[in-house]
Amino acid sequence: VQISMEANRRVGLLLNHIAPPSQEPECIREFTSAVGKSNVVIVSALRTPIGKSRRGSFKDTHFTDLLATVLKATIDQTGIDVKKVEDLQVGNVLAPGGGAVQARMAMFLAGYPYDVPVATLNRQCSSGLQAFANIAGAINLGAIDIGIAAGVESMSLHSMVGAVGDLNDKIFKNELASACLMSMGQTSENVAAKYGVSREVQDRFAASSQAKALRAQSEGMFDDEIVPVTTKIKAKDGSEKVITVTKDDGPRPGTTFEKLQKLRPAFKKDGTSTAGNSSQTSDGAAAVLACSRGAAHREGLPIIGSFKSFAVKGVPPEIMGVGPAYAIPEAVKKAGLTLEDIDIFEINEAFASQATWCVKELGIPESKVNPLGGAIALGHPLGCTGARMIATLLHYMRKKNLRYGVVSMCIGTGMGAAAVFEAEY
């Protein structure tokens, strides 16, 4: 990394003689196009550990503390002048008011000046990925050179039910509109029933997710992406103690297929989705610093990956979990690639039912899916997940010398999102 940073610094000095720092030289844009490299590059991708909601490490931690932690770490790690960040987009699902006011407060807590603008957005489970797509789009448009895409969620502090708001009576006369109120657990059962995904298949997938996550933790595979968080936690007697959280709460040692088979269905009396083969509700934050390729060279920033494409597709709300099976092929096609070209697929494990069906439907080898485990083991802090998955994907690909990866997830109310990334060295 030090060699890469020094090389980039020298290129930056050369570019500053060609054009002022605020203007990307046309020759660089032409060169980028000529060699087929994306103009949008990633120079940092970090996250907090993921805590179990309401009973884990961050049950008493305000979500702005989680967001501020990764925002500060992004600047500290890269050494970039924070005033050069031209936009900050934050994905969030459950906070009141879309989290807009508190996201602004969080960036101030992280030491960002008022010059840096911020916006929040909500495309539910894909919010963190959508934040990145927004920043990437602005870079490609030429509206900004440097931006941060982040995501944050505290499912300890905020209710999923309360986030919906008051309803219009007319929706109950519209089949699709009323289906948007279906619980996510019921949509999982619908996918399992419609496509014949057995309880055995789901539990074996869940056991594998846990095993992979535990192995990844023991091997330090998450260390490069995780920012430790020092916070306070309250005991049942009301006393507080200071803790420093360095790893995810979710992975459960001793989880086996046999133990998962003993769990009761969680959403339907005779169903197949359980607490063990569904994603965990969680707390966490993540941030991805993206910029134009020319800006990365000017600032002497090491490029860890580049953005190739993004796609969102709509599907029936009652089987929302099938979304990745429709979004992934579209994103891969836009990238000018085939499914066979992709080395790793990070597919959010909202439920084992939908994740296994999507993998089977697309014909993806299981060895290419979630090599470090997924949301069943790690957790799913809604607004954070997309940005977290980018960090996990890029750091893993660089460790394994891989080239192309996909991040994808299903989205409540019936959608799927996917993006293609290329690791760079």
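As a reminder, the structure under discussion sits directly above these lines.
Since this is a predicted model, take the numbers as computed values, not measurements.

A. Here's a closer look at the environment of Glu-240. Within the secondary structure, Glu-240 is located in strand 7 (residues 240–245). Owing to a relative accessible area of 45%, Glu-240 belongs among the partly exposed residues under this scheme.

B. Focus on the packing of aromatic side chains. Enumeration according to the criterion identifies 5 aromatic pairs in this entry. A ring pair is formed by Phe-132 and Phe-307, whose centres lie 5.4 Å apart and whose planes are at 70°; its orientation type is edge-to-face. Within this pair, whereas Phe-132 is found in helix 5 (residues 127–141), its partner Phe-307 is found in strand 9 (residues 305–314), the two being separated by 175 residues in sequence. Consider the rings of Phe-267 and Phe-351, whose centres lie 6.0 Å apart with planes at 85°: the pair is edge-to-face. Of the two residues, Phe-267 sits in the loop between helix 9 (257–261) and strand 8 (282–292) while Phe-351 sits in the loop between strand 10 (344–347) and helix 12 (352–362), which places them 84 residues apart along the sequence. Owing to a relative accessible area of 8%, Phe-351 belongs among the buried residues under this scheme. One aromatic cluster in this structure is built from Phe-132, Phe-307 and Phe-421. Above the plane of the ring of Phe-257 lies Arg-204, whose end atom (NZ or CZ) is 3.8 Å from the centre.

C. Representation of the packing of helix 7 (residues 184–195) against helix 12 in the model. For the pair helix 7 and helix 12, interaxial distance at closest approach is 8 Å and the crossing angle is 45°. The angle between the axes of helix 7 and helix 12 places the two elements in the oblique class. Packed against helix 7, whose contacting residues are Ser-188, Val-191, Ala-192 and Tyr-195, the element helix 12 presents Ser-353, Gln-354 and Trp-357 at the interface. Classifying every residue of the contact of helix 7 with helix 12 by side-chain character gives 4 nonpolar, 3 polar and no charged.

The rules behind the values
Residues numbered from 1 in each chain as written. Predicted model: local features only at pLDDT ≥ 70, side-chain atom pairs only at ≥ 80, totals over all residues. Heavy atoms only, no water. Helix = DSSP H or I, 4+ residues; strand = E, 2+ residues; numbered from the N terminus. Buried < 20%, exposed > 50% of the residue type's maximum accessible area, 1.4 Å probe, protein only. Phe/Tyr/Trp six-rings, centres within 6.5 Å; stacked < 30°, edge-to-face > 60°. Lys NZ or Arg CZ within 6 Å of the ring centre and 35° of its normal. Axes fitted to C-alpha atoms, helices over the stretch in contact; angles between N-to-C directions. Parallel < 35°, antiparallel > 145°, perpendicular 65-115°, else oblique. Contact = heavy atoms within 4.5 Å. Nonpolar A, V, L, I, M, F, W, Y, C, P; charged D, E, K, R; others polar.

Structural measurements only, silent on function.
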